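Chain residues, written in single-letter form:
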Amino acid sequence: IGYIGSSQVNNLLLKKYTSEQIVFAAICVQTITAILFVIGSLNGWFGLAGTICMIFIVLCCVGTTNPNASALSLAPFSKNAGTASAMLGALQLGLGAVASLGISFFDSKNTLPMAGTMAFSAIIAFMGLVIGRRFIKHPAKAGAGVVAAH
């Protein structure tokens, strides 16, 4: 519900904000939420309802970020959009498999491995966004002609 619902709300957000603004805001919220999830998991603050709530917020952020980040990353590849989309999908699936493998190495009865992986991913995404912005000389704009695979 969180992932798909926020992806639908994204259409409304795009009428008022740019993809860059939405991605930045969603990744900031995702990073803060994931860090709070780790802290709460370490201290045992969350029961089932709290854990579901934290996962829901993170998935809402992913559902908002994913289509916008896909459109922005595919925007420069108008001639090779299919190849770029396939590469993006393969990277997403590959990184998901690596994250699942990493979580499975922990024999834990709590949410810390999952929360830690979410926080690590969110922090890497945030750092990539902040550092990557400095190196973009000619930003590509996601337009109507760009089809995002999400």
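Residues numbered from 1 in each chain as written. Predicted model: local features only at pLDDT ≥ 70, side-chain atom pairs only at ≥ 80, totals over all residues. Heavy atoms only, no water.

**Some details on the overall build of the protein**
- A tally of regular secondary structure across the protein gives five helices and zero strands.
- Counting from the amino terminus, the protein carries its helices and strands in the arrangement α-α-α-α-α.
- Against the globule reference of 15 Å for 150 residues, the protein gives a C-alpha radius of gyration of 16 Å, in line with a compact fold.
- Taking the principal axes of the C-alpha coordinates as reference, the protein spans close to 50 × 30 × 30 Å.
- In the protein, which comprises 150 residues, the proportion classed as buried is 29%.
- Put simply, the protein shows about 9,700 Å² of open surface, and 72% of that area lies on carbon and sulfur atoms. (Helix = DSSP H or I, 4+ residues; strand = E, 2+ residues; numbered from the N terminus. Rg over C-alpha atoms; globule rule 2.2 N^0.38 Å. Buried < 20%, exposed > 50% of the residue type's maximum accessible area, 1.4 Å probe, protein only. Areas by Shrake-Rupley, 256 points an atom, 1.4 Å probe, with all protein chains shown as cover.)

**Notes on the nonpolar core**
- Among the nonpolar cores identified, the biggest contains nine residues, and these are Ala34, Phe37, Val38, Met54, Val58, Ala115, Met118, Ala119 and Ala122.
- Listed by contribution, the elements that provide at least two residues to this core are helix 2 (19–43), helix 3 (48–74) and helix 5 (112–135). (Core = buried A, V, L, I, M, F, W, Y, C linked by side-chain atoms within 4.5 Å.)

**Concerning the packing of aromatic side chains**
- Inspection of the entire model under this criterion finds two aromatic pairs.
- Geometrically, the ring pair formed by Phe24 and Phe126 is tilted, given 6.3 Å between the ring centres and 35° between the ring planes. Taken together, the residues Phe24 in helix 2 and Phe126 in helix 5 connect sequence positions 102 residues apart.
- Exposure remark for Phe24: the relative accessible area of 29% places this residue in the partly exposed category.
- With relative accessibility at 27%, the residue Phe126 sits in the partly exposed group. (Phe/Tyr/Trp six-rings, centres within 6.5 Å; stacked < 30°, edge-to-face > 60°.)

**With respect to a nonpolar patch on the surface**
- Among the surface-exposed residues, Ile32, Ile35, Leu36, Ile39, Trp45, Phe120, Ile123, Ile124, Met127, Ile131 and Phe135 lie close enough to one another that they form a single nonpolar patch of about 1,100 Å² accessible area.
- Those elements giving two or more residues to the nonpolar patch turn out to be helix 2 and helix 5.
- Mapping Phe135 onto the fold places it in helix 5. (Patch = residues over 30% accessible without salt bridge, like charges linked within 9 Å, V, L, I, M, F, W, Y side chains within 5 Å. Salt bridge = Lys/Arg side-chain N within 4 Å of Asp/Glu carboxyl O.)

**Concerning the side chain of Gln30**
- Residue placement: Gln30 occurs in helix 2.
- According to the relative accessible area criterion, Gln30 is buried, its value standing at 12%.
- Discounting residues that sit within four places of it in the chain, Gln30 has contacts with Val58, Cys61, Val62, Thr65 and Ala122. (Contact = heavy atoms within 4.5 Å.)

**What to know about the packing of helix 1 (residues 2–13) against helix 3**
- At their nearest, the axes of helix 1 and helix 3 sit 7 Å apart, and the two run at 45° to each other. The orientation of helix 1 with respect to helix 3, classified from their angle, is oblique. For helix 1 against helix 3, the interelement crossing comes out right-handed. Along the contact surface, helix 1 presents Gly2, Tyr3, Ser6, Ser7, Asn10 and Leu13, while helix 3 presents Phe56, Leu59, Cys60, Val62, Gly63, Thr64, Asn66, Pro67 and Asn68. (Axes fitted to C-alpha atoms, helices over the stretch in contact; angles between N-to-C directions. Parallel < 35°, antiparallel > 145°, perpendicular 65-115°, else oblique. Left-handed = near helix turned anticlockwise from the far one by under 90°.)

**Comments concerning the confidence of the model for the protein**
- In this model, the protein carries a mean pLDDT of 85, and residues with pLDDT of at least 70 account for 91%.
- When mean pLDDT is taken per element in the protein, helix 2 scores highest with 94 and helix 4 (residues 81–104) scores lowest with 85.
- With pLDDT under 50 throughout, residues 144–150 is counted as low confidence; its partners more than four residues away or in other chains account for 14 contacts. (pLDDT = per-residue confidence, 0-100.)

**Quick notes on the state of the cysteines**
- Inspection of every chain in the model, using the stated rule, returns zero disulfides.
- The cysteine Cys53 is free of any disulfide, with Cys60 supplying the nearest cysteine sulfur at 9.4 Å.
- Of the residues examined, Cys53 reaches a relative accessible area of 40% and is grouped as partly exposed.
- Distance from the sulfur of Cys61, which forms no disulfide, to the nearest cysteine sulfur (Cys60) is 6.9 Å. (Disulfide = S-S within 2.5 Å.)

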